[in-house]
Amino acid sequence: EGMNALMKKRTIRSRLFFIVLVLLILYSAWLGWKIKEFTRAEQKFPQPAGPPFEIVGVYHIHTSLSDGQKSPEKVARIAARQGLDFIILTDHGRPNRASLASQGWKNGTLVLAGSELSTNRGHLVGLGFDPPATSFSQNAEQAAREIESLGGFSVIAHPFSKTRWSWGKAMLYQGIEIIDSDTMAKKNLFSALPYLPALFIKPQLYLLKTLERPDEPLKKWDRLSADEPVAGYFSADAHLAYAALFSCLRLHILLDAPLTKSFDPARRQIFAALRQGKFYNAIDAARPAGGFRFWARGKESRSRLDGILPFDPLSPSILRVEAPFPFSFEIRLLRNGETLVLSKEKELTYTPDRPGVYRVEVYLRGRTPLDETIPWIVSNPIYFREGAK
């Protein structure tokens, strides 16, 4: 009997080992297929020639000058290897003067810096300002006024996560972060666990699986934009894993002229474009997004990528979307946060029949590592107002 019991235990162990081995083989095959499929999605496509002239970069980066892992010089080298035209450091401080001093062209990439301020309402990113004589205020509204007085503008950081933003009556800020990769990576750690081994082969794939639809920030952005122009930002909030993050959430800026190689003019070009909302956001790790266009043509026959346009039913403007991509996607044109038009074509033209805030979201369809509910591209708004000049 003892021998039979021992044999039975060995048989059970052998079967369990066999089952675990089969499951491991099946899991490895599944993950390998996902990685191979993702690698195919990385193919780049030709971009249209300017104007506008498109440049690509990453916003919201921390270095060893605050709570990041690497120095500005090492971060810049990583950005250059990723082929980025610019990066924007946002080290903590009021402001972080060492980070501001690190700005310049490095390895062919323009390194710009702002500062992430801790205020009474939450975290606020100041951009494009001249260094102040003293520290910025810890009062959010006062800090925003101080930043603007020095030629800069401000962006509300991760408003619904980490240090949440407490909303006041005055909206003195020119931007809001829509997606924050650092927050989502921490929040969705367990749901992305099946893809964890991909961190050592294709870390971008794992990062994509930590993303979720940013419903709350999108709704808040639409409400804010109804009153004042507010730009939306995809935020890397990078503290480490810079190479993977730099390939994921990017800003595509559309310039009227090519980016100059002189530092101060180039800095002014980029910050002016960001302040005016002349850029779109894209999850480039899912699919390269270069070439997307959204603009308005008014009665003056001038194309506008930004700004407030007059609504005139007697001489209507048109909105136009171009998405020259050779794969499946869906365009959504929204007014005041509500979907107006759905299209799977590469071009879309629409004549606004009422005032409002118009913007575009593009969703990947077919085989894609990005969840179908997450917008792959998010444009900044074009505003039609009655009585605007």
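Overview of the structure. Source: prediction; values computed, not measured.

**Topic: the nonpolar core**
- The biggest cluster of nonpolar side chains holds 47 residues, and the ones touching the most others in it are Leu211, Ile283 and Trp376.
- Once residues within four sequence positions are removed from consideration, Ile283 is found in contact with Leu208, Leu211, Phe234, Cys248, Leu249, Leu370, Ile374, Pro375 and Trp376.
- If you look at the next biggest cluster of nonpolar residues, it comprises 31 residues, including Ala113, Leu117, Phe129 and Ala236.

**What to know about the environment of Ser64**
- Relative to the helices and strands, Ser64 is located in the loop between strand S1 (53-61) and helix H2 (72-81).
- You can call Ser64 partly exposed: its relative accessible area is 39%.
- Along the primary structure Ser64 and Val75 are separated by 11 residues, whereas in three dimensions their C-alpha atoms are 9.6 Å apart.
- Beyond its immediate stretch of four places on either side in the chain, Ser64 contacts Gln69, Lys70, Ser71 and Pro72.

**A look at unusual backbone geometry**
- Along the chain, Arg94 connects to Pro95 via a cis peptide bond; the corresponding omega equals 0 degrees.
- Mapping Pro95 onto the fold places it in the loop between strand S2 (86-89) and helix H3 (97-101).
- For His158, which is not a glycine, the phi torsion comes out positive at approximately 25 degrees.
- For His158, the position within the fold is in the loop between strand S7 (153-156) and strand S8 (175-180).

**Section: the sheet that holds strand S5 (residues 115-118)**
- Spatially, S5-S6-S7-S8-S9 is the arrangement adopted by the five strands of the open sheet, whose pairing is mixed. Only two strands of the sheet have a single partner each, and these edge strands are S5 and strand S9 (231-235). Neighbour-to-neighbour, the strand axes of this sheet turn through a mean angle of 35 degrees, independent of strand direction.
- One ladder, built from four bridges, connects strand S6 (residues 123-127) with S7; its direction is antiparallel.

**Observations regarding helix H4 (residues 140-149)**
- Buried within H4 are the following residues: Ala140, Glu141, Ala143, Ala144 and Ile147. What you see down the axis of H4 is that its buried residues fit within an arc of 160 degrees, all on one side.
- Of the surrounding elements, those touching the buried residues of H4 are S5, S6 and S7.
- A distance of 3.2 Å separates the backbone nitrogen of Glu141 from a side-chain oxygen at the start of H4, and that oxygen is part of Asn139.
- The positive-phi residue at the C-terminal boundary of H4 is Gly151, with phi of around 85 degrees.

**Quick notes on the side chain of Thr109**
- Locating Thr109 in the fold gives a position in strand S4 (residues 109-113).
- With residues near it in sequence (within four places) discarded, Thr109 still touches Ala79, Ala80, Leu84, Asp85, Phe86, Ile87 and Gly104.

**Observations concerning the packing of aromatic side chains**
- Per the stated rule, a full pass over the model turns up 16 aromatic pairs.
- Measuring from ring centre to ring centre gives 4.9 Å for Tyr233 and Phe279, while their planes differ by 50 degrees; the resulting arrangement is tilted. On the criterion of sequence distance, the pair formed by Tyr233 in strand S9 and Phe279 in strand S11 (residues 279-283) is long-range, its members being 46 residues apart. Phe279 carries the same exposure label as Tyr233, and that label is buried.
- Judged by centre distance (6.5 Å) and plane angle (80 degrees), the ring pair of Phe327 and Phe329 falls under edge-to-face.
- Among the aromatic residues, those joined into a cluster by ring pairs are Phe160, Trp165, Trp167 and Tyr173.
- One cation-aromatic arrangement involves Lys220 over Trp167; the distance from NZ or CZ to the ring centre is 4.4 Å.

**Some points on the pattern of salt bridges**
- If you walk through the whole model with that rule in mind, you get 16 salt bridges.
- Of the charged contacts in the structure, one is a salt bridge between Asp182 and Lys186, with a shortest N-O distance of 3.3 Å. On the criterion of helical spacing, the pair formed by Asp182 and Lys186 is a turn pair, its members being four residues apart in helix H5 (residues 181-187).
- Residue Lys186 is classed as exposed on the basis of its relative accessible area, which comes to 57%.
- Note that Asp256 and Lys278 form a salt bridge whose closest N and O atoms lie 2.9 Å from each other. Of this pair, Asp256 sits in the loop between strand S10 (249-255) and helix H9 (263-275) while Lys278 is found in the loop between H9 and S11, placing the two residues 22 residues apart along the sequence.
- Of the residues examined, Asp256 reaches a relative accessible area of 58% and is grouped as exposed.
- One continuous salt-bridge network, built from bridges that share partners, spans Asp222, Arg359 and Glu361.

Thresholds applied
- Residues numbered from 1 in each chain as written.
- Predicted model: local features only at pLDDT ≥ 70, side-chain atom pairs only at ≥ 80, totals over all residues.
- Heavy atoms only, no water.
- Core = buried A, V, L, I, M, F, W, Y, C linked by side-chain atoms within 4.5 Å.
- Buried < 20%, exposed > 50% of the residue type's maximum accessible area, 1.4 Å probe, protein only.
- Contact = heavy atoms within 4.5 Å.
- Helix = DSSP H or I, 4+ residues; strand = E, 2+ residues; numbered from the N terminus.
- Pairing = 2+ DSSP bridges.
- Axes fitted to C-alpha atoms, helices over the stretch in contact; angles between N-to-C directions.
- Arc of directions from axis to C-beta.
- Polar contact = N/O pair within 3.5 Å; in protein donor to acceptor, adjacent residues only side chain to side chain.
- Phe/Tyr/Trp six-rings, centres within 6.5 Å; stacked < 30°, edge-to-face > 60°.
- Lys NZ or Arg CZ within 6 Å of the ring centre and 35° of its normal.
- Salt bridge = Lys/Arg side-chain N within 4 Å of Asp/Glu carboxyl O.

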